Amino acid sequence: MSEIEATLTRIQNHKGVLGVIIVNNEGIPLRSTLDDVNTKNYADLIPSLSSLAKNMIRDLDPQNDLEFLRIRSQKHEIMVSAREEFTLIVIQDPLVGFS
Amino acid sequence: MADVAAVDEVCKRLQSHKGVEGIIVINADGIAIRSTFDNEITVQYASLVSRFSVKARSVIKDLDDDNELKFLRLRSKKHEILIAPEFEKSKEYVLVIIQAPCCDF
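Residues numbered from 1 in each chain as written. Chains lettered and ligands numbered in written order. Predicted model: local features only at pLDDT ≥ 70, side-chain atom pairs only at ≥ 80, totals over all residues. Heavy atoms only, no water.

Engineer: Even after reading the chapter, I still don't get the confidence of the model for chain B, so can you show me in this structure?
Structural biologist: The predicted coordinates of low-pLDDT regions are not to be read in fine detail. All names here are of chain B. For chain B, mean pLDDT is 91; residues scoring 70 or higher make up 95% of the total. Of all secondary-structure elements in chain B, the lowest mean pLDDT belongs to helix α1 (residues 4-15), at 85, while strand β3 (residues 69-76) reaches the highest, 97. Here the prediction assigns the complex a pTM of 0.91, and the interface score ipTM is 0.91. (pLDDT = per-residue confidence, 0-100. Helix = DSSP H or I, 4+ residues; strand = E, 2+ residues; numbered from the N terminus.)

This is the structure:
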C-alpha cells in the first residue's frame, strides 16, 4: 500500500501537477488529490474517452495497443494511463517552471 | 481561403521530420483532403480521428466550459498519433501525424 502512496506523493509533488486521480474499472475513484466535485467529473468523463482512444488504436491495427493518452487544453494537460484494473489520471499545468 | 502552396509546404516539412510515418489533413466534414497514406488507411483514420477529437473536445468543455482542446497525443506500442484540431469556424481542420517513437535522445 505504501508503494502506492509513495508513487502518488511523488507524482503530486512534481512541478505543475494540479491533481492525481486513480479510477477503478467501474469508474469509481479510488484515490484523488482533488476535491470531490472535480474528482467525480474526471472519473465520469476521462475513462470513457480513453476507452474510445484504445478502441481507435485497435480498430486501426488489432495487434497494436494504447499505452498513454495526453489531452492538451488551453489551461492544462490531462495525462491518462489506462490499465486493465485501473486508470491513472494526472492533470498538469505544463507551463509551470518555464520562464 | 487555404493557400495551397503554404499547405503543401507545411506537409512537406512535417513529412520529412524524423520518425514521421505519415500525415493526414481532415476537413470539417471528416474528409481527408491531404494524406501520405493509401486511401483505405486514410479513410479509416479520417473517420476515427474526427469522431475522437469531437468527443475529446466535448469532454474538455464538460470539465470546464472556459477551456478549449488544443492537442491530443495517443501513444501506442507501435507509434504515436498526434492530433492537432482547429475548431474556429472557417478554419475547421484536423491535422494528424503518425510518428514512430525516436529513441536517440
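Now, onward.
Engineer: Looking at this model, I keep getting lost on the pattern of salt bridges. Mind explaining?
Structural biologist: Note that side chains of opposite charge can pair when their charged atoms are close. Counting across every chain of the model gives 13 salt bridges over all chains. A salt bridge links E77 of chain A to R70 of chain A; its shortest N-O distance comes to 2.8 Å. Residue E77 of chain A is classed as buried on the basis of its relative accessible area of 8%. Between E68 of chain B and K61 of chain B there is a salt bridge whose closest N-O contact spans 3.9 Å. Looking at E68 of chain B, the relative accessible area reads 15%, which means it is buried. (Salt bridge = Lys/Arg side-chain N within 4 Å of Asp/Glu carboxyl O. Buried < 20%, exposed > 50% of the residue type's maximum accessible area, 1.4 Å probe, protein only.)

Engineer: For this particular structure, what's the right way to read the packing of aromatic side chains?
Structural biologist: What characterises a pair of aromatic rings is the spacing of the ring centres plus the angle enclosed by the ring planes. Scanning the model with the defined rule gives one aromatic pair over all chains in all. Residue placement shows R57 of chain B over the ring face of F87 of chain B; its charged tip is 4.1 Å from the ring centre. (Phe/Tyr/Trp six-rings, centres within 6.5 Å; stacked < 30°, edge-to-face > 60°. Lys NZ or Arg CZ within 6 Å of the ring centre and 35° of its normal.)

Engineer: Please explain the interface of chain A and chain B as it appears in this structure.
Structural biologist: If you look at the interface, chain A gives 28 residues, while chain B gives 28 residues. Of the roughly 2,600 Å² buried between chain A and chain B, counting both surfaces, carbon and sulfur atoms make up 66%. Three residues stand out in chain A for area buried against chain B, namely L45, M56 and L60 of chain A, and they jointly supply 22% of the buried area on that side. One salt bridge connects K78 of chain B with D61 of chain A, and the closest N-O pair in it is separated by 2.7 Å. At the boundary of chain A and chain B, one finds 16 residue pairs in polar contact (both at pLDDT 80 or more). Going through the elements one at a time, α2 (36-60) and β3 (66-73) of chain A are the ones with two or more residues in the side of chain A that touches chain B. In terms of residues, the side of chain A that touches chain B owes the most to one element, α2 of chain A, which gives twelve residues. Residues belonging to the side of chain A that touches chain B are distributed by class as follows: 14 nonpolar, seven polar and seven charged. One ladder, built from seven bridges, connects β3 of chain A with β3 of chain B; its direction is antiparallel. Residue pairing in the sheet places R72 of chain A in a bridge with F71 of chain B of β3 of chain B. (Contact = heavy atoms within 4.5 Å. Buried area = accessible area lost by both parts, 1.4 Å probe. Polar contact = N/O pair within 3.5 Å; in protein donor to acceptor, adjacent residues only side chain to side chain. Nonpolar A, V, L, I, M, F, W, Y, C, P; charged D, E, K, R; others polar. Pairing = 2+ DSSP bridges.)

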